[in-house]
Amino acid sequence: MIIVQKFGGTSLSDEYSRQHVLRHIRREKAEGHRLVVVVSAMGRRGEPYATDTLLDWIAQNGNSLPDREKDLLLSCGELISAATLCSLLNREGIPAVALTGGQAGIRTDARFGFARIVDVNSARILEYLEEDKVVVVAGFQGATEDGEVTTLGRGGSDTSATALGAALPAGIVDIYTDVDGILTADPRMVSEARPLAMVSYEEICNMAYNGAKVIHPRAVEIAMRAGVPVRVRSTFSEGLGTLVTHADSVRRQGGWTDRTVTGLAHVKGVTQLAVETDNGPSDVQLRVFRAMALSGISVDFINVTPAGVLYTVTDQDAPQAVRLLEEMRFSARVRSGCAKVSVIGGGMNGEPGVMARIVEALTAANIPILQSADSNTTIWVLVAEDDMVPALQALHAAFGLHLAPTR
Ligand code: ADP
Ligand code: MG
């Protein structure tokens with residue numbers, strides 16, 4: 001079977017981690033599998049070759065580097081990782097070859113900095129696999145038809161891995177990271193968070209879209225479309241982590257797809273805007289949202305009432321959003337430093353009283369809900385950023401997620 005393994009930044013940052021990486025490669029090789037290994041840049045912000053370090057480096061010159069050249073620089077972190085891993089494998093007597101994203105056949109459009117994959121030609125990888133080589137691919141990058149180097153944006157290496165997994169196709173895509181799998185919440189916020197043994201593509205996609213950065217939502221979508229199973233697992237243990245697959249396959253394997261609450265996710269850095277007016281709500285709604293859309297500002301938590309409109313934007317977009325409102329002579333109340341907390345569950349639909357339990361838990365913890373919204377699989381609440389961690393902890397306890405059977 002072909003396996004795609006993806007190792008994130010923290011899995012490659014030092015000699016100790018890289019020994020664990022080698023262990024996973026050796027083990028799967030010994031099982032007779034053919035391996036494509038996608039690597040991220042080493043380490044996190046501050047470490048020499050991390051993507052954020054490279055970004056900070058460019059920012060020192062007042063961000064004067066054009067997007068095309070920025071992508072050339074940003075793609076280097078993954079190339080260093082790929083070459084490093086290739087050398088370690090060869091030293092161990094495991095034949096390996098390193099490829100850029102473009103060389104690996106990942107074709108993208110030309111939107112530098114956030115390019116989309118348009119096509120994957122896996123012929124070259126398949127040739128190397130035939131020669132029994134481990135193919136190490138620099139993640140987070142591709143190339144346009146003209147050979148211009150592009151990067152895929154945040155979480156791009158996850159996307160590289162599932163796109164290759166879908167194209168080859170691979171039997172499984174293993175996303176190795178610094179946690180034991182997909183947990184019921186971010187363990188940095190909720191220490192009681194528990195790993196889930198199996199989740200459906202839809203559930204994890206939903207968690208990822210709502211901020212769970214353990215895997216990128218676009219990566220999940222690509223895997224889902226191709227039906228390639230994904231495992232999110234720890235570089236530093238032998239645990240199998242979380243299997244992500246189709247809901248019916250989860251059910252066949254005895255897993256749950258109808259949990260009322262699967263997990264929690266969060267996004268910080270949200271600004272709430274309340275626009276009040278006498279002009280009648282429809283006019284405000286139209287003008288406000290048209291102005292936001294024209295400026296490319298995405299809005300969330302939209303709430304239209306006879307008194308005006310209430311919505312949120314990112315803290316980054318807030319100054320521009322406020323300026324636009326002022327230009328239209330609307331008076332707005334601005335509350336920055338908010339956080340969106342999402343309660344996600346495939347079986348929430350039709351289950352009565354979920355919202356009541358959320359309100360009850362947050363009220364008991366003295367946390368004001370600034371706004372809320374819901375869909376059939378998610379309830380969102382907006383809280384002050386200072387209340388975010390206590391809110392996550394209160395909700396985690398209220399839904400018994402620390403006790404939840406992990407299947
Ligand atoms: P990598 O460098 O391996 O891509 P990331 O930092 O992108 O790693 O993703 C792993 C991190 O995601 C974890 O360290 C954890 O803090 C965070 N995370 C957020 N939500 C979750 C969740 N529900 N389950 C597991 N990890 C989560
Ligand atoms: Mg990541």
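Rules behind the numbers
- Residues numbered from 1 in each chain as written.
- Chains lettered and ligands numbered in written order.
- Predicted model: local features only at pLDDT ≥ 70, side-chain atom pairs only at ≥ 80, totals over all residues.
- Heavy atoms only, no water.
- UniProt positions renumbered as here; feature names shortened; annotations may be inferred.
- Domains from an automatic or database assignment.
- Contact = heavy atoms within 4.5 Å.
- Buried area = accessible area lost by both parts, 1.4 Å probe.
- Salt bridge = Lys/Arg side-chain N within 4 Å of Asp/Glu carboxyl O.
- Helix = DSSP H or I, 4+ residues; strand = E, 2+ residues; numbered from the N terminus.
- Buried < 20%, exposed > 50% of the residue type's maximum accessible area, 1.4 Å probe, protein only.
- Disulfide = S-S within 2.5 Å.
- Near = heavy atom within 4 Å.
- Polar contact = N/O pair within 3.5 Å; in protein donor to acceptor, adjacent residues only side chain to side chain.
- Areas by Shrake-Rupley, 256 points an atom, 1.4 Å probe, with all protein chains shown as cover.
- Nonpolar A, V, L, I, M, F, W, Y, C, P; charged D, E, K, R; others polar.

Under an unreviewed UniProt entry, the chain has the name Aspartokinase and belongs to Cohnella thailandensis. Its UniProt record, at the heading Sequence similarities (unreviewed entry), says of the chain: "Belongs to the aspartokinase family." Per UniProt, the chain carries the Function (unreviewed entry) text "Catalyzes the phosphorylation of the beta-carboxyl group of aspartic acid with ATP to yield 4-phospho-L-aspartate, which is involved in the branched biosynthetic pathway leading to the biosynthesis of amino acids threonine, isoleucine and methionine."

So, on to the domain arrangement of the chain. Domain annotation for the chain reports domain 1 (2-252) and domain 2 (263-399). For domain 1 versus domain 2, the distance between C-alpha centres works out to 32 Å. Each partner contributes residues to the interface: domain 1 has 14 residues there, and domain 2 has 17 residues. Buried area between domain 1 and domain 2, both sides added, is near 1200 Å², and the carbon and sulfur share of it is 60%. Of all residues in domain 1, the largest losses of buried area upon contact with domain 2 belong to Met189, Asn206 and Asn210, amounting jointly to 48% of the total for that side. Taken together, the links from domain 1 to domain 2 amount to zero salt bridges.

The omega angle of the peptide bond from Leu168 to Pro169 is -15°, so this bond is cis rather than trans. Its place among the elements puts Pro169 in the loop between α6 (156-167) and β9 (172-177). Phi is positive for Phe140, close to 70°, though the residue is something other than glycine. Mapping Phe140 onto the fold places it in the loop between β6 (134-138) and β7 (141-143). Judged by relative accessible area, Phe140 falls into the buried class, the value being 10%. A positive phi angle, close to 50°, is found at Phe301, a residue other than glycine. One can find Phe301 in strand β14 (residues 300-305). Residue classification places Phe301 among the buried residues on the basis of a relative accessible area of 5%.

With respect to the secondary-structure elements, Asn349 resides in the loop between β16 (331-344) and α12 (354-364). A relative accessible area of 53% means that Asn349 is categorised as exposed. Remark: the alpha-carbon pair of Asn349 and Arg287, spanning 62 residues in sequence, is separated by 34 Å.

For the structure shown, the criterion picks out zero disulfides. The thiol of Cys86 is not disulfide-bonded; the next cysteine sulfur, from Cys76, is found 17 Å away. Among the residues examined, Cys86 registers a relative accessible area of 12% and is labelled buried.

If you check the shell around ligand 1, you find 20 residues, and the closest are Arg44, Thr177, Asp178, Asp186 and Arg188. A distance of 2.7 Å separates an oxygen atom of ligand 1 from a polar side-chain atom of Thr177. Between ligand 1 and the protein, one listed contact pairs an oxygen atom with a side-chain N or O atom of Lys213 at 3.3 Å. Computed on the free molecule, ligand 1 has an accessible area of 570 Å², of which 93% lies beneath the protein chains in the complex. Grouping the constituent residues of the shell around ligand 1 by class yields nine nonpolar, five polar and six charged.

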